Amino acid sequence: MQRAWRAWAPRCGGGASSPPAAKRPSPGGSCALPEVLAPFPQQRSAGGGYNNDSEEDMFGNYDSFSGNDSLLAQVDDLEQKYMQSADFALHQENLEDKAVVEPASGKLHIQHSKSKELVTQELGDFILDDLPCSQQLYFEEVDASTKQANANTGNNHMNSGLGRILNQSFCHNDVEHTKTNNEPSPNIRTDLNKRKCLKDHLKSAMAGNAKAQAPQISKTKQLKEAILSEELCVAKETIEAFSVDLGPFYGLPSKVKDLFVQFRGIEKLYEWQHTCLTLESLQRRKNLIYSLPTSGGKTLVAEILILQELLCRQKDVLMILPYVAIVQEKLHMIGEGSRGAILEMTLAKILYTSKTTQIIGMSATLNNVGDLQQFLQAEYYTDSFRPVELKEYVKIRESIYEVDSKAENGFTFSRHLNFKYSSNLERMDPDHLIALVTEVIPNYSCLVFCPTKKNCENVAEMICKYLKKEYENHKKKEKQDLLMNLKNIGNGTICPVLKRTISFGIAYHHSGLTSDERKSIEEAYSAGVLCLLTCTSTLAAGVNLPARRVILRAPYVATEFLKKNQYKQMIGRAGRAGIDSAGESILIVQEKDKHLVQDLINSPLENCCSNLLLEFTKGIQNLLLSLVGLQIARNFEEICNFMCGTLFGVQQKTLSKEKSLSDIIKESLESLIEKGLLKGKIMSEKEQKSPSNLAITQLGQAAYKGSIDLAYCNALYRDLKKGLEGLVLESCLHLLYLATPYDMIYHCNPDWMIYFKQYTQLSAVEQKVADIVGVPESFITKKASGQVIRTDVDIGVINRLYLSFVLYALLKDTNVWVVSEKFNLSRGYVQNLLNSAATFCSCVLHFCEELEEFWVYKALLTELTKRLTYCVKAELIPLMEVAGVLEARAKQLYNAGYKTLAHLANANPEILVKIEHVSRRQARQIISSAKMLLSEKVEALQEEVEELLRMPTDTPEGLLTTATKP
């Protein structure tokens with residue numbers, strides 16, 4: 001922030017003010033230094049002083065300190081002049097007067113050496129008030145340190161650092177006469193060093209003031225902002241210079257500890273948590289990886305570290321979340337497909353561009369830690385602590401064996417199942433699941449992992465079919481409330497399987513459920529309303545749902561044999577701290593899989609490997625395009641330097657033995673140039689005589705700004721280009737086709753009878769869309785009738801149109817249940833399609849914004865994105881923006897008269913609770929969220945108004961005034 005320095009009016013001997021020293025050499029004398037501190041030419045006021053309201057250049061003929069350092073040179077000259085003087089020491093000793101300034105009161109005390117008379121003079125605002133606040137504080141610090149030094153040495157002759165500045169003679173009464181004139185005493189050298197620090201401080205402050213741009217605001221406001229800015233800078237420097245300890249709880253206020261006790265029941269941390277939080281690497285803000293078994297309490301450490309950054313250091317924190325687990329980051333994700341590639345790219349860019357950002361990684365499943373340490377430049381902390389003992393078992397036929405690494409085959413016999421099976425039950429439950437689950441439910445919780453989603457539902461129904469009726473009485477009312485909640489979520493519809501199983505305290509959990517259904521089931525399980533969940537492996541990867549017993553229905557995920565990491569994730573759900581006193585896992589094994597399971601139990605964890613090369617278009621090509629687009633790396637050499645710092649760079653020799661890293665980079669860049677995403681020549685350092693930078697094309701800019709998978713970039717461009725030739729706007733079907741994600745079309749298996757039925761229900765104009773995109777009616781008719789198709793039709797286009805039919809039905813019916821039944825799809829799949837389409841539509845919008853030829857799509861896709869995001873009638877969209885308000889709740893509020901944000905923000909919670917199923921807590925949350933949204937909208941409008949009213953800097957009058965200034 002620019003701040004004007006008023007000329008110091010030296011009152012020594014009552015002399016008049018001199019013109020600034022920066023304009024002419026100082027004549028010398030005791031008042032020379034104050035003139036040096038006022039280098040800026042100012043307009044003389046009527047009273048003969050200087051004021052700061054001049055619009056002239058405050059630096060006169062000097063463009064900057066870096067361009068002309070004559071002022072700073074004069075400071076050096078003055079110092080050299082006194083240091084080299086033969087009478088330097090004598091001059092100090094025979095000083096006539098002493099000047100002492102009190103910064104707090106602003107008074108100047110002058111003591112004449114001969115008369116010993118002390119004269120006190122009010123300085124007013126001519127000195128301290130004219131200094132930036134940061135420099136006032138600096139002088140006060142110097143003053144304090146000088147007082148301390150004087151107290152220690154008995155020197156009371158000077159009480160102010162600023163007095164020393166005014167009296168540049170450096171008053172010292174104890175000069176050592178044994179020193180030569182050219183060799184000052186240690187006291188003098190100390191003072192010179194302090195003075196050098198002051199000079200450096202002044203240089204830094206003045207240079208910073210010089211570089212600041214003048215804001216387009218009033219001088220009064222400018223001065224206030226300058227003071228505030230410098231006070232903030234001082235506060236920031238103070239915080240950074242000293243401890244960030246704000247309280248007794250690991251640097252956090254004690255209130256934080258109280259909140260952990262109140263809401264989480266955590267009164268004391270585990271020993272490993274204390275050790276980890278007090279590591280020297282964390283205190284010095286170094287990168288860290290810490291790894292412990294599941295349920296060890298890793299998330300709590302992450303939460304405390306986040307609070308330290310936010311509250312103590314006032315820095316931002318980015319949390320990378322796997323699935324729905326709330327953690328800073330799970331490092332094993334790096335080895336998981338495209339998600340791993342995105343995580344690796346994000347971390348690599350942070351490491352390359354920011355040397356002050358701290359990265360904390362946590363995981364329960366790590367093997368090749370060395371690679372990750374090298375990649376993240378991090379230290380490593382690990383512990384085997386687990387608060388609840390976990391016992392692993394394997395079941396073969398009716399026998400249960402305990403996993404024992406010391407045993408010859410890895411197993412030790414434990415017991416036989418004690419449950420009488422009838423022949424009919426044996427046939428229905430050959431794996432003895434009912435015997436295993438009834439040992440723990442309903443008093444304890446149980447998870448049963450199944451290979452497929454359909455198997456989850458079948459197992460849940462089978463168990464309920466053979467349970468005793470007494471199970472229905474356990475928390476009967478809470479189960480009824482859960483069923484009612486699920487019915488409201490489904491707009492009056494509930495899954496028939498859940499309707500039958502929930503009364504027994506059992507439910508299934510997989511991606512076929514909507515997100516709201518999953519959330520309700522998870523909450524009911526955590527509260528003990530549900531005692532058993534049948535689930536797929538995805539639940540193990542992040543959802544915090546503990547169990548007394550975990551049962552693995554089979555050592556398979558779909559058709560693939562279980563991996564060690566997956567196995568550890570699943571069994572890690574058993575025996576969570578504070579909930580169970582013990583935990584156990586049981587893996588059900590068929591005789592044919594016995595040897596595979598033995599290998600699984602005894603094998604180490606899989607390595608975490610880079611996926612940049614495997615996910616070619618989403619990985620390395622996408623990374624290189626963004627590096628050039630963001631100008632992080634602009635030529636082949638810089639790109640190679642960056643890639644050496646990635647996990648792929650660390651593991652390249654292992655992952656790609658046939659090609660070197662430079663060869664892989666070169667091939668990837670050539671592919672990007674061939675696709676028209678980059679332009680320029682790829683030359684190594686030896687080949688190029690001068691730097692040859694790569695540049696991103698408009699198409700490449702659009703691709704990375706829109707986060708478009710490069711595998712589909714050209715296809716998207718062609719589809720959008722083709723759409724311009726005959727875009728059908730009588731309905732949104734054509735736009736929906738363009739917004740349907742490419743990555744979902746190859747997992748789609750259309751029901752041809754449904755396809756044909758939906759096609760025949762379209763209007764003639766809508767059927768024209770199918771013809772435009774390349775799906776003839778004859779093809780759909782023949783497929784529906786089972787005829788052989790000889791015409792070559794792109795299956796991707798066929799599937800994409802089918803999915804656009806699903807989206808079209810959703811926008812018309814806005815009911816996931818109705819649409820899922822109409823197309824014979826799971827409601828979870830339909831919801832996932834809707835969410836993916838909303839995201840992809842936004843990506844296509846950003847893609848089109850970078851290409852002028854697609855300007856027509858901008859307004860159309862903006863509205864479509866909003867409709868896909870909320871998937872409700874237009875009048876409900878404002879209400880859907882409020883946190884906790886879904887479609888059913890929005891309809892309730894709208895029908896009750898709350899039709900806008902303003903209505904909700906001004907609602908009375910006591911009246912709002914009269915709406916069915918709205919609690920007081922929910923009512924207060926809705927009102928609070930509406931007020932916050934309304935406030936944000938008002939602030940945005942105020943900023944827009946201020947922007948419109950702000951005086952432009954390039955007005956003709958302003959330009960003319962500037963041009964006519966002398």
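These numbers come from a predicted model, not from an experiment. (Residues numbered from 1 in each chain as written. Predicted model: local features only at pLDDT ≥ 70, side-chain atom pairs only at ≥ 80, totals over all residues. Heavy atoms only, no water.)

1. Considering the pattern of salt bridges
Right, so step 1: Summed over all chains, the structure comprises 24 salt bridges.
Right, so step 2: In this structure, the salt-bridge partner of R264 is E303, at a minimum N-O distance of 3.0 Å. Placement of R264 in helix α8 (residues 254-264) and of E303 in helix α11 (residues 298-312) is noted, with a sequence separation of 39 residues between them.
Right, so step 3: Note on R264: relative accessible area 43%, which makes it partly exposed.
Right, so step 4: R920 serves as the salt-bridge partner of E910, at 2.9 Å between the closest nitrogen and oxygen. Separated by 10 residues along the polypeptide, E910 in helix α39 (residues 909-912) and R920 in helix α40 (residues 920-949) bring together distant segments of the chain. (Salt bridge = Lys/Arg side-chain N within 4 Å of Asp/Glu carboxyl O. Helix = DSSP H or I, 4+ residues; strand = E, 2+ residues; numbered from the N terminus. Buried < 20%, exposed > 50% of the residue type's maximum accessible area, 1.4 Å probe, protein only.)

2. Things to note about the sheet that holds strand β13 (residues 506-509)
Right, so step 1: With mixed pairing, eight strands are arranged side by side in an open sheet as β11-β10-β9-β18-β15-β12-β14-β13. At either end of the open sheet lies a strand with only one pairing partner, and these are β11 (411-416) and β13. Direction aside, the axes of adjacent strands within the sheet are offset by 25° on average.
Right, so step 2: Pairing analysis gives four bridges linking strand β12 (residues 446-449) to strand β14 (residues 532-535), with the strands arranged parallel. (Pairing = 2+ DSSP bridges. Axes fitted to C-alpha atoms, helices over the stretch in contact; angles between N-to-C directions.)

3. A closer look at the packing of helix α29 (residues 752-760) against helix α32 (residues 795-813)
A pair of packed helices is captured by two measures, namely the crossing angle of their axes and the spacing between those axes.
Right, so step 1: Contact pair α29 / α32: the axes reach a minimum separation of 11 Å and the direction vectors enclose 65°. Note that α29 runs across α32; the crossing there is left-handed. Residues W752, I754, Y755, Q758 and Y759 of α29 lie in contact with α32, whose contacting residues are I798, L801, Y802 and F805.
Right, so step 2: Tallied by class, the residues present in the contact of α29 with α32 amount to eight nonpolar, one polar and no charged. (Left-handed = near helix turned anticlockwise from the far one by under 90°. Contact = heavy atoms within 4.5 Å. Nonpolar A, V, L, I, M, F, W, Y, C, P; charged D, E, K, R; others polar.)

4. Topic: the pairing of strand β9 (residues 390-396)
Right, so step 1: Counting buried residues in β9 gives five out of seven residues, a clear majority hidden from the surface.
Right, so step 2: Where β9 lies against strand β18 (residues 583-589), seven bridges are found, and the strand directions are parallel. Opposite L390, over in β18, you have G583 as the bridge partner.
Right, so step 3: Across four bridges, the pairing between β9 and strand β10 (residues 399-403) is antiparallel. Across the sheet, the residue bridging to I396 is S399, located in β10.
Right, so step 4: Remark: two residues form the turn of the hairpin made by β9 and β10, two consecutive strands paired antiparallel; R397 in that turn has positive phi of roughly 55°.

5. Thoughts on the nonpolar core
Right, so step 1: Formed by 112 residues in total, the largest nonpolar core has its most connected members in M643, L669 and F847.
Right, so step 2: Non-local contacts of M643, meaning those with residues more than four positions away in its chain, are made with L612, I620, L623, L624, F648, G649, L661 and I665.
Right, so step 3: Counting 68 residues, the second-largest nonpolar core is a separate cluster that includes L498, V529, L552 and A574. (Core = buried A, V, L, I, M, F, W, Y, C linked by side-chain atoms within 4.5 Å.)

6. Quick look at the side chain of R549
Right, so step 1: Locating R549 in the fold gives a position in strand β15 (residues 549-552).
Right, so step 2: For R549, a relative accessible area of 5% translates into the label buried.
Right, so step 3: Polar contacts involving the side chain of R549 include one to the side chain of E439, which spans 2.6 Å. (Polar contact = N/O pair within 3.5 Å; in protein donor to acceptor, adjacent residues only side chain to side chain.)

7. Focus: a negative patch on the surface
Right, so step 1: On the surface, E936, E939, E943 and E946 cluster together into a patch of negative charge.
Right, so step 2: Its location among the elements puts E939 in helix α40.
Right, so step 3: The class of E939 is partly exposed, set by a relative accessible area of 44%. (Patch = residues over 30% accessible without salt bridge, like charges linked within 9 Å, V, L, I, M, F, W, Y side chains within 5 Å. Areas by Shrake-Rupley, 256 points an atom, 1.4 Å probe, with all protein chains shown as cover. Lys, Arg positive; Asp, Glu negative; His and termini not counted. Charge placed at Lys NZ, Arg CZ, Asp CG, Glu CD.)

8. Things to note about the pairing of β14
Right, so step 1: Side-chain alternation along β14 places L532 and T534 on one buried face and L533 and C535 on a second face that is also buried.
Right, so step 2: In this structure, β13 lies alongside β14, joined through four bridges in parallel fashion. Within the sheet, the bridge partner assigned to Y508 lies in β14 and is T534.
Right, so step 3: Taken together, β13, helix α19 (residues 515-526) and β14 constitute a β-α-β crossover, and its handedness is right-handed. (Right-handed = clockwise from strand over helix to strand, strands pointing away.)

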